[in-house]
Structure formats: C-alpha cells, structure tokens
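# Breakdown of the fold
Below are the chains, spelled out letter by letter.
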There are 4 protein chains.
Amino acid sequence: MIAVLKHGVSESQAENLINWIKAQDVDVHLSEGQYQTVIGLIGDTTKIDIDLLASLEIIESVTRISEPFKSANRKFHPDDTVVDINGIKVGGGNFQIIAGPCSIESPEQITEVARAVKEAGATLLRGGAFKPRTSPYDFQGLKGEGLELLLHAKEQTGMPIVTEIMNANHLPMFEHVDVIQVGARNMQNFELLKELGRTKKVILLKRGLANTMKELLMSAEYIMAGGNENIILCERGVRTFETYTRNTLDLAAVPMLKELTHLPVVVDPSHATGLSRLVKPMSLAAAACGADGLMIEVHNNPQKALCDGAQSLTPEQFRDVVSAVNKIRAVVKEL
Amino acid sequence: MIAVLKHGVSESQAENLINWIKAQDVDVHLSEGQYQTVIGLIGDTTKIDIDLLASLEIIESVTRISEPFKSANRKFHPDDTVVDINGIKVGGGNFQIIAGPCSIESPEQITEVARAVKEAGATLLRGGAFKPRTSPYDFQGLKGEGLELLLHAKEQTGMPIVTEIMNANHLPMFEHVDVIQVGARNMQNFELLKELGRTKKVILLKRGLANTMKELLMSAEYIMAGGNENIILCERGVRTFETYTRNTLDLAAVPMLKELTHLPVVVDPSHATGLSRLVKPMSLAAAACGADGLMIEVHNNPQKALCDGAQSLTPEQFRDVVSAVNKIRAVVKEL
Amino acid sequence: MIAVLKHGVSESQAENLINWIKAQDVDVHLSEGQYQTVIGLIGDTTKIDIDLLASLEIIESVTRISEPFKSANRKFHPDDTVVDINGIKVGGGNFQIIAGPCSIESPEQITEVARAVKEAGATLLRGGAFKPRTSPYDFQGLKGEGLELLLHAKEQTGMPIVTEIMNANHLPMFEHVDVIQVGARNMQNFELLKELGRTKKVILLKRGLANTMKELLMSAEYIMAGGNENIILCERGVRTFETYTRNTLDLAAVPMLKELTHLPVVVDPSHATGLSRLVKPMSLAAAACGADGLMIEVHNNPQKALCDGAQSLTPEQFRDVVSAVNKIRAVVKEL
Amino acid sequence: MIAVLKHGVSESQAENLINWIKAQDVDVHLSEGQYQTVIGLIGDTTKIDIDLLASLEIIESVTRISEPFKSANRKFHPDDTVVDINGIKVGGGNFQIIAGPCSIESPEQITEVARAVKEAGATLLRGGAFKPRTSPYDFQGLKGEGLELLLHAKEQTGMPIVTEIMNANHLPMFEHVDVIQVGARNMQNFELLKELGRTKKVILLKRGLANTMKELLMSAEYIMAGGNENIILCERGVRTFETYTRNTLDLAAVPMLKELTHLPVVVDPSHATGLSRLVKPMSLAAAACGADGLMIEVHNNPQKALCDGAQSLTPEQFRDVVSAVNKIRAVVKEL
C-alpha cells in the first residue's frame, strides 16, 4: 500500500501517522521528495482500513498494491479450483450447463423440465423455491414445498440441483441441495455469507447489481475465510443506464476474474439480458471467452406457452443453444 | 397498466394473453389501432408480474401507470407520516439530527460522543455495533458488546438510539434499541425486511448502492405489508463513475420521494461523500431542499486525532454544522 | 405513442392537450377508464417531443411504441445493409478485421504495422492522426502529416484505411480516406454528424461513453437523414463503476442492435477493456455473438517493446487472435 | 506520479522503463521493497500518458499524485476567479441567476420572458438558438434568426445573454453574445474547446452526461491552455440508472469543484431534474451548498400553458424561486 502525503504536512503529523500504521504491525518505508512525501506500507496490509486512511486530511491518495483478497487470489493459488458436485466438475477446463425454470411451480413442471434439460445436455438442474422479488405483492416462490419438489426431480433424474437461499435459518432445509445459490441482492449479505462459510456446500455466488469484481471476490473471501472453498462465481449483468436489456452483461469479467482468482466463473445470460432471444448469442459469447459454465432458464409450462419470449427458453430452444455452445467449446478447447 | 402488442400478433395469441390476464382478476380494455393494439389492464394490477409481461414475444412494451407501492404511496395517504421515537418526532415538519460515531469502540468513546452531540443539538444518537464491511478482514464491530455500550450511553444521556441490524436473528438484542437501521447493502434483503415488518420498531431504511427510488419504496412496502408503518427513508448516495466523492448524493431524491410517499426522508451526507469537509455544505443543501433530518458521523477519539479529515466530524465541527443547519431550517420553514 | 393522463385532469385540460397533439398532424385515440384516461397518438409521432409531453403536469407517463429512428430501423428495411469499402464488404455475413496502431507515429511505423496486420489477416488499416485526448497536454496526433503517412501506407499495402475525424472543417483532408471514424466523445456532436451525412463516405460510428443503443441509432439517423447510408456501428464499451477494465464492453448490444437495425455492427475490444490480454477473449466472444467485424489495436514500435501489456497487441499476438477468431467464425456461420 | 512494478519484473525491464520515463524529462526515484518496487516520477508529469503507463505488462498500478489540470487548479491560483460579464460578476461571493426559455421561438416570446425574468431578479438572459437534439427530426432551434431575436431582447432589456454554440464555424455570429455555452454533449468536443480558447469570450462549460469532475476540469484546461480564463463551470446532473428524474444532480460536485478549482460553479436544476416542480428545492439546495449561481428555464408562452409541468417555470413560479433563493443566500453569506 502506498500513501502519498499532502504538500505541507508537518513532521509531527507525519510521525503520528507512521506510528499509527506501525501500531497495526505494518512496516513503513518513507520516501521524501521535493514536492511530496510517499509512505510505503510493507507487510500484511489487509488489516489497514484503506477508506479511513484515504480520508485523512493529511493524505493526498492511497493505492492498495496487493489485492485485498487472499484465499480467492490466484497469486497464492495458481491452479484452477475444480469444484466437484457429486462427480460433476466445474472449472479447470470442465464446462457445465445449469438449466431449469425460474420458479418451481408444480411436481409435473419441475420434473418435466428436468427431464427435458437433461436430455438436451444440461448436467445440473436449477429451480427457484425462495424467490427474491422487488415487490412484496409478487409471487415469492413455493418455498419449502418447492424445495421438496426440486429434490423429487433430483431423485427422478439423478441431476444435482442448484437453488437460491435467502435466509441462513433455512439452511437445514438445504441439506440435500447440491449447490446453494446466493443471489445478486444478497451478494453483500455478509451474515449469510459467513454462515455459508461454515458449511461445506458448493456455493454459486452471483455478482451484485452494481458491484465491482473486487467486491465479488471479497464476498467469496467471506465464505472462504470460514473454511468453505467450494465456490463458483457467476456473472449476471450489472446495472447501467441502458434500457433495451434488463442489465448489461459484463463478459470481460470472465477472463478478468479468471486472471484474478482460481475459482470457476459461470455466466447467466437469462437474467443478464432478460430476453430469451439474446440467450443464445450471449451463451456462445460466454463459451468463447472462457466461461466455465452457463446457467440458463428453461420452462415447460403450457400456461406459459404465450410467454414464448420471456427470458426462459423452451426445451427445444435450449437444445439448440446447448448444441451450438458445444461447437464453440470444441473450438475453444483447441485454441 | 398498458400493454402494447407487437405488430402482426394473431387474434388467438391476443386472446390467450387476455384470458391469462383475466385469470388474474384484472379487467381488460382493448383498443385496436391500424398499426398497433393496446391493452389496458384495469383493476388491482399489483399482482401482475410486469417483467414477465414485458418479456412476452408478442408484447412491444408495458407501462405501469399506477405505482406498484400502495401503503407507502402518498396518493392513498396524503398526509405526512410523523414517526415518533420516544417523543422525538420525524416528518411532518419535524426535523431531527442523528449523530454519533461510525463504530462503537469503548464505553468512554460512545458516552463522550453522545454527550458532545447532545450538547451540540443532536436529538438521536447513532453508533455501529454490527458493521457491514466489504472485507472479512476489516473490523466487524463490537457486536453485542457494542450494543450494551450504546444502551449505556442512552441511559446516561436520555437520547434515543439508532443502530444497524444485519441479521434478523439478532432482533432480541435490539429490544431496547429505538430505531433499527437497515443498511444500503441490505435494502433488498427481503427476509430481513419481512421480519422487521412483524415488529413495531422504527426502521431507518437506507437506499441501496444502485437502487432506484421505486425500489426503495418497494422495500419500505415489504416492511409495511407486515404491519409496521414506522419507517424513515434515508438517502445516502448512489454509485456512479465519479471518484472524487465516495458516492453521488442524489438530493433530488428528497423532494421526489416526498412527492411519492408520505414517509419521512433523511439524508446521510457522511457516507454519501466520504469526506468530512463536504458534510457541512451537503447538510445545508439537504435542509434547504426539504429533508426531514440528517444523520452525521461524529467521533471523539484521541487516537483518531490524526484522522481529522475522515468522514467523521469532530464535536466542534458538528456544533458548527448544527448551528448553520438551524439557520437554513429557519428560512425554509418560512418559505 | 401512448400518453396516460393523471387522475383528476379536467375535461378542458384534456381537450387542450388533444388539440395541441392534433395541431402536430397526429391523430388521437381516447380511452377513458374508471381510474385513468389513456391517449393513443396515431400517425407519424417522430415529430412529437416525448420529453416535453412527459413533463406536462397533467401527464402520468408516456411510452413511445414505435422507435424514433426510421432510416436505421430494421422494420422498414429488413435486409442487412452491406457496406462496401473498395470491394471489402461489411455486414450481411461479411466479417472484417480492422487493425493498426492507436496513433500514427512515423512512416516506418505505420507502413510496417500495415504490412504486418495485412499479412496476419486484417483487411482494413486503422491509425489515428487526430487524437481526442482528455488532457490538452497529451499528444494530439500528427494531424495532417499523420493522414499523409496513413495514405502512404494505403498505397504501399492496398489496404483501405479507417481514421478518426474531429472537426468537419478537416473533411477536405479526408478525401482519400475510405472509412471516417466518429469517436465516442463525438457521437452526439450533431453538427459533425450532419456534415458527414452530406458526404458519401463510409462512417464508422462509435457508441458514446454513456449512450444508450437508442441514442446510437438516433446519431446514425442524423447521418442517414442527410442521405448517407454507409454506416458501420461500433460497440466499444460503456462507462460504469467497474475499475479493473477501462470500460464495460456491452456485447449484448451486438445481437440487440442487429435486431433493431439493418446496419452492420463491429466491436472494439482494445478500447473497451484497455488491456491487451483481454483482446483475444473479447474478440472471440464478439465473433461468437454475431458481430460483423472487429477493430483491434496493433503496434510495431521497438520503443514500445516495454509496453507489452498496453491495449495494443504485437503483430504476433494479433496473428494468433485472427486465427482463433476465424475458427469461431467458421462455427458461427454453420449454426 | 507513483508507479508500482509487478512482482518478478527483471532488472533490465525496470531499467528500460526508467530510461523511457527519463527520456520524457521526468526524474525517477526508485524504492525497492521485498515484495515490490515503487517508482516515483518527479517533475512535470503532465506529459506522461498515464493510461499507457498503467497498461504496461510490468506495471501493477499507477497513481497520479498531482492533478493533471494546472491553469484551473486552485493550488496554483488560491483566489476565486471572478468572471465579469459587462459588469455582472460571477464567483468570489457574487451569485447570479441566469434565466430564460429553453428555445427562442419568436420576438414576442423572448422579449417578454426577458422582461419577466429581469423584473423577477434574473441578471442574465438565456435562450437557445442552436439546439442539440437526440433526434434529427426534433426542432433544432431558430439558429441565426434565433440569435438575432436574443440580441434584440438584450437591447430591449440591457441583460447580458447566454446561448449555446454547437459549431466553431458559427463563432462570428456570436460576436455580441456575452456568454457562450458549451453543452453537455460537447464537453469533450476538443476542437470546439480549442477554438473557444482562442477567444476572450466568457464560456459556460457544462459537465457531460457521464463525465467526472476531473474530466470537466480538463475540458476547462483546454480552453485555458489557449489563453481564455473566463470560464464558468456548470453542474447539470449526470446519467444514472434512476428514472424518476431525467438526470441525477450531483450537488456535492459544487463544494468539491470549488475546492479543486478557482473557477465559479453554477447549477442548472431545470435540465438536471427535467421536472419544474423540483427546480425550487434544487435551487435552494444549490444556493445552500455554495454555488455561484443558477441557470433556470422560464417560459412565457400561452401555447405552452398546458405544459405547466415541463422543466420550465412560469415567470410567477420563477419569481418565487428567486425570492426563496435570496433568503437562503442571505443566510449562507453570514455563515
């Protein structure tokens, strides 16, 4: 960490600051120039509160040189983490497609979709039982009952399941869930992250609406700090001024995150764009730029026949996407 | 709600859609033009999932005409809500200043700051016991012990207290807390909001990092739907590309929110700007545009003497801000 | 266009509004409900100022149903536009790679890079002579002299050239330039767009830092309204809160724009990310999601050997990108 | 400027870099730590291209310590600049209100509005003759004829006039214009800025849609580098995800800019919010936080009686705003 002092800072002010830094077990390297004084902070600076330091009256600027994340950092763990979900591997060259309906609605619906997506090439089944909704008046999911239906579909198809948790108190209900999803709105629900860090469950951690990659990695770090290193990161679009698409999918985050961390990175083109007709091109793009997997919404609900254009694909459309993605993957693996 | 069909939609597709809408107890008014067909949805459309509707292949666009929030809506509740905190009133012309340290650190610190801010004109005491931090390695607050210290300061000074909750399971510890704060990162932690809706506590609900005013009101609606109408909204800056300030304080949200809702709106200039020297001008601006109160960080920690420029003010600086704000308030009340 | 009146608007207010609309040669279809009145505006509503309408006291909301762009709209021109640059075609299945240095620096530099990129598979040569720089103290390009060097490189290699214009008064100097680039900062320099609309030059129009796709298409419309339909759109990243990458590349804009317009869409991964090591994955992703071409920075400057990681690739790295992109393209063409 | 080298950079690489820096007349101070090497760049670093440096493979991070703006920098010019417009002073404690219609429409309209706003307390008259519009089909202003009408209103009322320029070629027409406005969309039209730098006209420079304060100051620097120091900065809202207001007014930019620069800063609440009913509270807030003036839209057009809620105020509403602003100003001056 490098701190630059403002012009005109007195010696005693600088000394106070240096003593305060040293009191936190961090060494100091002082470099005095004609116009400015630069303080290098050497050692374990993860404990230094950079916001506090930057806000001091005598400080011109602070730059953190080493990333504030450690367990998730590729520098200290150069090899790709391969997350193993009942034998289904994600990361380290292993690419998986998670598919299923946005919400679990009935035993027939979830089981039918499960069979259809499995047959089309999905290896993990997703389905929402607890649904985070902006409005308290919108459907909040079938909750516990939905989980039961999802577990039933798992039994019927043998597919490991992925579903979202919204409350750490629900963890006992998630005992047989294979991958626990943390949604975008809970990415910085630190209490939830800490609880998940105490489990050994695989966690699918979605990037928040307006969170930086660094913050995503710091949230992963919360889970890892508790001892759970089974984490899959998920890029699902960020909020911008653009309105044609629901969010702005940040695909450059895929190679950038993979440079910064050893954790696998998957992409959710359904939520990112909010438009089913953009799911295919964005799935291909995600596969092309090195994602370790995809999470795609697929429905199979006659009541929704009219919702043909929702962010969910029909099973036939999904099959087409899987086939195309596999062709791109075949090229990418040879590059 | 107005839905516009795409050009070329068949009659049977339109009929399917209309039946689906009617099945949700919403009436339909059809208007067929030469180039487009417009469907008016009449009745209680809060149950209609606008995202789903908008995403249908046959839909060109959907506009929600009535706001999706009801309990918080000024249309149905024209008079200002006045929140009463042990006799301290917020809203309806009552302006209050909440002040205190970012984190509770020791009995001396919190009690000293409490006395200092009370003497300077603050009417509510704030202090963080549970601290949401981006990094798991940063100080997470004194937690339960911090709450005890805050309660002690309340006893000593008679000031009602405001402090942040991060986990609904902690609610029993908050029994004697007067105002429970929901932080920006938990604004869409819907499980927490629901739990708070079941209490009768006053809730200070902060706007999320990248949340719209409508989403803030929908989060208030979650609490109100549970029966708790004691809510104070707080504008604390949103995330943009600007880097000189920590966030971008959206002061136009003050009069805009007050037009949309009857709930009181306070402003937190300390977190919004991250710079103590901007707290005074932004406090004056907030008072000038009609805010119902301010939440300001004040420290009194000799160890932080060097942190003169942090987002926290010294008690002397705070006294100066209060005095200036009162002068602006005196003018505003006469306008 | 659909305008919804506020509750409680008087008949005479509504009548005034309707007369004002009709005075602009737009028909009105009125639909009065119990709670609200909806006005459908029928006919050529491109002349109606939607901002003005939306801001009227009596208006609840306005929705534009038909897009405000006409010449660029795929609805009225379903077939892909194929832009022809001296026989090099862009769009309609024709994919081209534009490559070259950020700035033209010397005759040797530009000619050497031109030869290298041509040999590696680029079909168009780019190079900056007039450079828009945030700071007046930064290098502003070789200007006219740079253009001369670029034209010389064109002669030597036979490659058509692409270079940025910053001032309509410079147009005479661009006589032998094949493609005139409008940079992100000039996307809404309407005076420049109008001048370019009066030429027959191929225009490469870059999306602005914080401009929506609709605004990009409206800027294309400025050029087309003048009679010049030779336009290539370029996605180059938008400004967000993320800092690891220079901008946030919005690849969903590629299929979305191609749905909205018949104009070709290319992607500039070099400026979008600012990091040479992200150029390859983002080029592959752009090719995978249907872009009509790429614009990539390549340098060949021994002085910059140390700048290995700049946003520019070396010719060897570029050759590798071209080869990989071609493999992805081969798959995409068969999908 | 401080550059931090990546771990593992070889001595020869570091030496190459240092030689390259020194070749630009900048001295180097090397500080080698156990984990990292830090290079301090000493001297006039405004010529160093920070983007280029930051993008080098061997560089971990670069921090600019001294701001890249010089002429606009308060450090080198501690006293407030007072801009004098025919005796009307802006800055250094002088507060002015600019008012007038969005567009000049007729001789009667502009003269009537001019008289009305003068009588209400405005000291400068604004009116648009050249209008930047997103759509080529929207009204583009009366252009030269509009300027004539504005000059006529100036003659009639004696008020200095403010109007926007969109093309440097129009400068001869602006001979008798007192203040030339550069609109948000042209804030980085560097060719226009350079031309304006060659004049002695007062320039009102508006912040761009998504530009940082630093970029605004760099654009001022373009004008000042040409020798013209008569600049007034204008905050007019930035683009965010919020939709209730047209833009997000960044009032913290007022005290922040006034700390960074000696130039006066005014606020445009009309464009910032797009809603006339927010103009008053935002004007009061701007005055309270230290703005040097306001720019407010006022109309006086019977045809627009129905547009009561547009972003323009009626003369009566404007009079009320001026009176309230003056009361706030009276308090602020005494603080």
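## What to know about the overall build of chain A
Within chain A, the regular secondary structure consists of ten helices and 14 strands. For chain A, the spread of C-alpha atoms along the three principal axes comes to 75 × 45 × 40 Å. Expressed as a percentage of its 335 residues, the buried residues of chain A come to 66%. Summarising the internal contacts of chain A: among those between residues at least 6 apart in sequence, 67% fall at separations of at least 24. Surface exposure of chain A reaches about 11300 Å², of which carbon and sulfur atoms provide 47%.

## Notes on the relation of the copies chain A and chain D
Take chain A, turn it by 180 degrees, move it 0.0 Å along the axis, and it overlays chain D with an RMSD of 0.0 Å. Such values leave the two copies arranged in the relation of a two-fold axis. Proximity to the rotation axis, assessed at the C-alpha, singles out F241 of chain A in chain A; its C-alpha lies 2.4 Å from the axis. A shared binding surface is used by both copies, with 94% of the interface residues of chain A retained as interface residues in chain D.

## Re the interface of chain C and chain D
Quoted interface sizes are often the accessible area lost when the parts come together. Taken together, the contact between chain C and chain D spans 55 residues of the former and 55 residues of the latter. For the pair chain C and chain D, the summed buried surface comes to about 4700 Å²; carbon and sulfur atoms form 53% of the total. The interface formed by chain C and chain D contains two salt bridges. Across the salt bridge formed by R239 of chain D and E215 of chain C, the nearest N and O atoms sit 2.6 Å from each other. Inspection of the chain C/chain D interface yields 19 residue pairs in polar contact (both at pLDDT 80 or more). Looking at the side of chain C that touches chain D, the elements that each hand over two or more residues are α1 (11–22), α2 (50–55), α5 (190–197) and α6 (213–225) of chain C. In terms of residue class, the side of chain C that touches chain D is built from 19 nonpolar, 19 polar and 17 charged.

## As for the domain arrangement of chain A
Considered domain by domain, chain A is made up of domain 1 (2–63) and domain 2 (83–334). Computed from C-alpha atoms alone, the centre-to-centre distance between domain 1 of chain A and domain 2 of chain A is 43 Å.

## Side note on the interface of chain A and chain D
Facing the 17 residues of chain A at the interface are 16 residues of chain D. Carbon and sulfur atoms make up 61% of the surface buried where chain A meets chain D, a total of about 1500 Å² over both sides. At the junction of chain A with chain D, the criterion picks out two salt bridges. Here K75 of chain A ties to E60 of chain D by a salt bridge, and the two come within 3.6 Å at their closest N and O atoms. Counting across the interface, chain A meets chain D through one residue pair in polar contact (both at pLDDT 80 or more). In terms of residue count, strand β4 (residues 59–63) of chain A provides more of the side of chain A that touches chain D than any other element does, three residues in total. Here the residues of the side of chain A that touches chain D sort into seven nonpolar, six polar and four charged.

## Some points on the pattern of salt bridges
Note that side chains of opposite charge can pair when their charged atoms are close. All told, the structure shown has 58 salt bridges over all chains when counted by the stated rule. Here D250 of chain A and R207 of chain A are joined by a salt bridge, their closest N and O atoms 2.9 Å apart. Taken as a pair, D250 of chain A in the loop between β12 (231–235) and α7 (253–260) and R207 of chain A in the loop between β11 (202–206) and α6 (213–225) lie far apart in primary sequence, 43 residues in all. Residue classification places D250 of chain A among the buried residues on the basis of a relative accessible area of 0%. Classification of R207 of chain A by relative accessible area gives buried; the value is 1%. Across the pair D292 of chain C and K258 of chain C runs a salt bridge whose closest N-O atoms are separated by 2.5 Å. In this pair, D292 of chain C sits in the loop between α9 (279–288) and β14 (293–297) while K258 of chain C sits in helix α7 (residues 253–260), placing the two residues 34 residues apart along the sequence. Here the residues in one salt-bridge network are R207, E235 and D250 of chain A together with E242 of chain C, joined through shared partners.

## Some remarks on the packing of helix α9 (residues 279–288) of chain B against helix α10 (residues 315–334) of chain B
Residue and element names in this part refer to chain B. Where α9 meets α10, the axes come as close as 9 Å, and the angle between the chain directions of the two elements is 20 degrees. With respect to α10, the element α9 is oriented roughly parallel. Here α9 and α10 pass one another in a crossing that is right-handed. Packed against α9, whose contacting residues are K280, S283, L284, A287 and A288, the element α10 presents D320, V321, A324, V325, I328, R329 and V332 at the interface. When the residues that make up the contact of α9 with α10 are grouped by side-chain class, the tally is eight nonpolar, one polar and three charged.

## Observations regarding the packing of aromatic side chains
Taken as a whole and assessed by the stated rule, the structure comprises eight aromatic pairs over all chains. Here F190 of chain B and Y222 of chain B contribute two aromatic rings whose centre-to-centre distance is 4.6 Å and whose plane-to-plane angle is 25 degrees, an arrangement assigned as stacked. Separated by 32 residues along the polypeptide, F190 of chain B in helix α5 (residues 190–197) and Y222 of chain B in helix α6 (residues 213–225) bring together distant segments of the chain. Note on accessibility: F190 of chain B and Y222 of chain B belong to one class, buried. Note that K70 of chain B overlies the ring of Y137 of chain A, its terminal NZ or CZ placed 4.8 Å from the centroid.

## Brief notes about the sheet that holds strand β14 (residues 293–297) of chain B
Sheet strands pair by backbone hydrogen bonding; their relative direction is either parallel or antiparallel. Residue and element names in this part refer to chain B. Pairing within the closed barrel is parallel, and its eight strands lie in the order β7-β8-β9-β10-β11-β12-β13-β14. Averaged over all neighbouring strand pairs, the angle between strand axes comes to 25 degrees, with direction disregarded. Relative to the sheet, helix α4 (residues 144–157) contacts β8 (124–126) and β9 (161–164), its axis offset from that of β9 by approximately 165 degrees. Contacts between α10 and the sheet are confined to β7 (96–100) and β14, with β7 contributing the most and set at about 170 degrees to the helix.

## Quick look at the sheet that holds strand β2 (residues 27–32) of chain D
Residues and elements named next belong to chain D. As summarised here, the arrangement of the four strands in space is β2-β3-β1-β4, forming an open sheet in which the pairing is antiparallel. Each edge of the open sheet is held by one strand with a lone partner, namely β2 and β4 (59–63). Pairwise comparison of adjacent strand axes, ignoring direction, gives a mean angle of 20 degrees for this sheet. Looking at chain direction, β2 and strand β3 (residues 37–42) are connected through six bridges and run antiparallel. Along β3, the bridge assignment pairs V28 with L41.

## With respect to the relation of the copies chain C and chain D
Each copy of the sequence occupies a distinct position, and chain C is placed on chain D by a rotation of 180 degrees and an axial shift of 0.0 Å, giving an RMSD of 0.1 Å. Residue by residue, 98% of the interface of chain C is reproduced at the interface of chain D, so both copies engage with the same surface.

## Examining the pairing of β3 of chain D
Residues and elements named next belong to chain D. Most of β3 is tucked away: five of the six residues are buried. Sheet topology places strand β1 (residues 2–5) next to β3; three bridges connect them, and they run antiparallel. Looking at β3, one finds that V4 is bridged to V38.

## A closer look at unusual backbone geometry
A positive phi angle, near 50 degrees, is found at N86 of chain B, a position not held by glycine. Positive phi outside glycine occurs at K143 of chain C, with the angle close to 55 degrees. Structurally, K143 of chain C can be placed in the loop between β8 (124–126) and α4 (144–157).

## Thoughts on the side chain of T111 of chain D
Considering the arrangement of structural elements, one finds T111 of chain D in helix α3 (residues 107–120). According to the relative accessible area criterion, T111 of chain D is buried, its value standing at 8%.

## Comments concerning the state of the cysteines
Applying the stated rule across the entire model yields zero disulfides over all chains. No disulfide involves C289 of chain B; its sulfur sits 9.6 Å from that of C289 of chain D, the nearest cysteine. We note that C234 of chain C lacks a disulfide partner, and the nearest cysteine sulfur, in C289 of chain C, lies 13 Å from it.

## Regarding helix α3 (residues 107–120) of chain A
Residues and elements named next belong to chain A. In this model α3 runs 20 Å from its N-terminal to its C-terminal C-alpha over 14 residues, within 8% of the 20 Å that 1.5 Å per residue would give. Q109, I110, T111, V113, A114, A116, V117 and A120 are the residues of α3 that are buried. On its buried face, α3 sits against β7 (96–100), β8 (124–126), α4 (143–157) and α10 (315–334). Looking one or two residues beyond α3, the residue adopting positive phi is G121, at roughly 120 degrees.

## Regarding the side chain of K206 of chain D
Residue and element names in this part refer to chain D. For K206, the location among the structural elements is in strand β11 (residues 202–206). Note on K206: relative accessible area 4%, which makes it buried. Within the local environment of K206, its side chain forms a polar contact with the side chain of D268, the two groups lying 2.7 Å apart. Ignoring sequence-local partners within four residues, the contact set of K206 consists of Q181, V182, G183, A184, M187, L216, C234, R236, D268, H271 and M295.

Reading the values: rules and limits
- Residues numbered from 1 in each chain as written.
- Chains lettered and ligands numbered in written order.
- Predicted model: local features only at pLDDT ≥ 70, side-chain atom pairs only at ≥ 80, totals over all residues.
- Heavy atoms only, no water.
- Helix = DSSP H or I, 4+ residues; strand = E, 2+ residues; numbered from the N terminus.
- Buried < 20%, exposed > 50% of the residue type's maximum accessible area, 1.4 Å probe, protein only.
- Contact = heavy atoms within 4.5 Å.
- Areas by Shrake-Rupley, 256 points an atom, 1.4 Å probe, with all protein chains shown as cover.
- Least-squares fit on C-alpha atoms with pLDDT ≥ 70 in both.
- Buried area = accessible area lost by both parts, 1.4 Å probe.
- Salt bridge = Lys/Arg side-chain N within 4 Å of Asp/Glu carboxyl O.
- Polar contact = N/O pair within 3.5 Å; in protein donor to acceptor, adjacent residues only side chain to side chain.
- Nonpolar A, V, L, I, M, F, W, Y, C, P; charged D, E, K, R; others polar.
- Domains from an automatic or database assignment.
- Axes fitted to C-alpha atoms, helices over the stretch in contact; angles between N-to-C directions.
- Parallel < 35°, antiparallel > 145°, perpendicular 65-115°, else oblique.
- Left-handed = near helix turned anticlockwise from the far one by under 90°.
- Phe/Tyr/Trp six-rings, centres within 6.5 Å; stacked < 30°, edge-to-face > 60°.
- Lys NZ or Arg CZ within 6 Å of the ring centre and 35° of its normal.
- Pairing = 2+ DSSP bridges.
- Disulfide = S-S within 2.5 Å.
- Expected span 1.5 Å × (residues − 1).

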